[in-house]
Amino acid sequence: MFPVDAFRDTLLKAVALFRDREIAFHLTGGITSVYYGEPRMTQDIDVVIDNRATARGLESFLKALRHSDFMYDEISIRRAVADRGMFQLLDTVESLKLDVYPRELIPGELSRSVDVELFANETLPIASRADAAVSKLVWVDKGSHKSSRDLRQIFRTAGEADRRSIRQLARELELETLLDEVLAESDAVL
């Protein structure tokens, strides 16, 4: 597990790249699992960024990367933005990887981001509880077993309004049956 300072330092460098180019973003993945669910190890940082803003400012973004501490593949970034895929940035100072998704997995998720103080005096946007849970559900649908446990923990600690939002989003994505199946599973390790 990376020390908290490494996560903070890497995140703040990436955040500056996005904010300086007015690219909306939020954190998702393991960070939201820890924030909304239960503490667990995470080895990377997952970030969703606005595709349109990234495409408009792509040359500026790539130029800034050339002068940053991040290792990257320009062709992969261009392809990810064009195809709404994923690209990676590796912080060469902290040896910490960011998985960057220039697209919303859950329609409208960036507009529902929640600002939280993840580090002392550092407020950053993260996926809402409902969007974090449903993104885990989408990953379960793609075969991720780790996401099942994360989803159950996020759902269990949710209030009634968030549970309704999770169900509504799952219904809209035609994943409500899968949601019920995952919630019925046990967390016991066999």
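Refer to the structure printed above.
Attention in this report is confined to the structure presented alongside it. (Residues numbered from 1 in each chain as written. Predicted model: local features only at pLDDT ≥ 70, side-chain atom pairs only at ≥ 80, totals over all residues. Heavy atoms only, no water.)

### Overview of the environment of Glu 176
Take Glu 176: it is sitting in helix H9 (residues 176–184). Measuring from C-alpha to C-alpha, the distance between Glu 176 and Ile 166 comes to 9.2 Å, with ten residues separating the pair along the chain. Of note is the side chain of Glu 176, whose polar atom sits 3.1 Å from the side chain of Arg 171. (Helix = DSSP H or I, 4+ residues; strand = E, 2+ residues; numbered from the N terminus. Polar contact = N/O pair within 3.5 Å; in protein donor to acceptor, adjacent residues only side chain to side chain.)

### Details of the nonpolar core
If you look at the biggest cluster of nonpolar residues, it comprises 52 residues, and the most contacted ones within it are Phe 18, Ile 45 and Ile 77. It is helix H6 (residues 129–141) that contributes the most residues to this core, seven residues altogether. Discounting residues that sit within four places of it in the chain, Ile 77 has contacts with Leu 58, Phe 61, Leu 62, Leu 65, Tyr 72, Phe 87 and Leu 89. (Core = buried A, V, L, I, M, F, W, Y, C linked by side-chain atoms within 4.5 Å. Buried < 20%, exposed > 50% of the residue type's maximum accessible area, 1.4 Å probe, protein only. Contact = heavy atoms within 4.5 Å.)

### What about the packing of aromatic side chains?
Applying the stated criterion to the full structure yields five aromatic pairs. Seen from their ring centres, Phe 61 and Phe 87 are 6.2 Å apart, and the 65° between their planes marks the pair as edge-to-face. One end of the pair, Phe 61, is in helix H4 (residues 58–66); the other, Phe 87, is in strand S4 (residues 87–91), and 26 residues separate them in sequence. Site record: aromatic cluster; members linked through ring pairs are Phe 18, Phe 25, Phe 61 and Phe 87. One residue, Lys 142, lies across the ring of Trp 139, its end atom 5.1 Å from the ring centre. (Phe/Tyr/Trp six-rings, centres within 6.5 Å; stacked < 30°, edge-to-face > 60°. Lys NZ or Arg CZ within 6 Å of the ring centre and 35° of its normal.)

### Section: the pairing of strand S5 (residues 96–101)
Judged by how many residues are buried, S5 sits mostly within the fold: five of six residues are covered. Examined bridge by bridge, S4 and S5 share five bridges and lie antiparallel to one another. Residue pairing for S5: Leu 90 is matched across the bridge by Lys 97. (Pairing = 2+ DSSP bridges.)

### Description of helix H7 (residues 146–156)
Counting buried residues along H7, eight of its eleven residues qualify, which places the element largely inside the surrounding structure. Those residues of H7 that fall on the buried side of the exposure criterion are Ser 147, Ser 148, Asp 150, Leu 151, Arg 152, Gln 153, Ile 154 and Phe 155. Those residues of H7 that are buried are in contact with helix H2 (30–36), H6, helix H8 (160–172) and H9.

### Brief notes about the pattern of salt bridges
Under the defined criterion, the tally for this structure stands at 15 salt bridges. In this structure, Glu 59 engages Arg 78 in a salt bridge whose closest nitrogen and oxygen atoms are separated by 2.8 Å. In this pair, Glu 59 is assigned in helix H4 and Arg 78 in helix H5 (residues 74–83), connecting sequence segments 19 residues apart. One salt bridge connects Arg 171 with Glu 176, and the closest N-O pair in it is separated by 3.1 Å. Given a relative accessible area of 23%, Glu 176 falls into the partly exposed group. Through salt bridges with shared partners, one network takes in Glu 59, Arg 66, Glu 74 and Arg 78. (Salt bridge = Lys/Arg side-chain N within 4 Å of Asp/Glu carboxyl O.)

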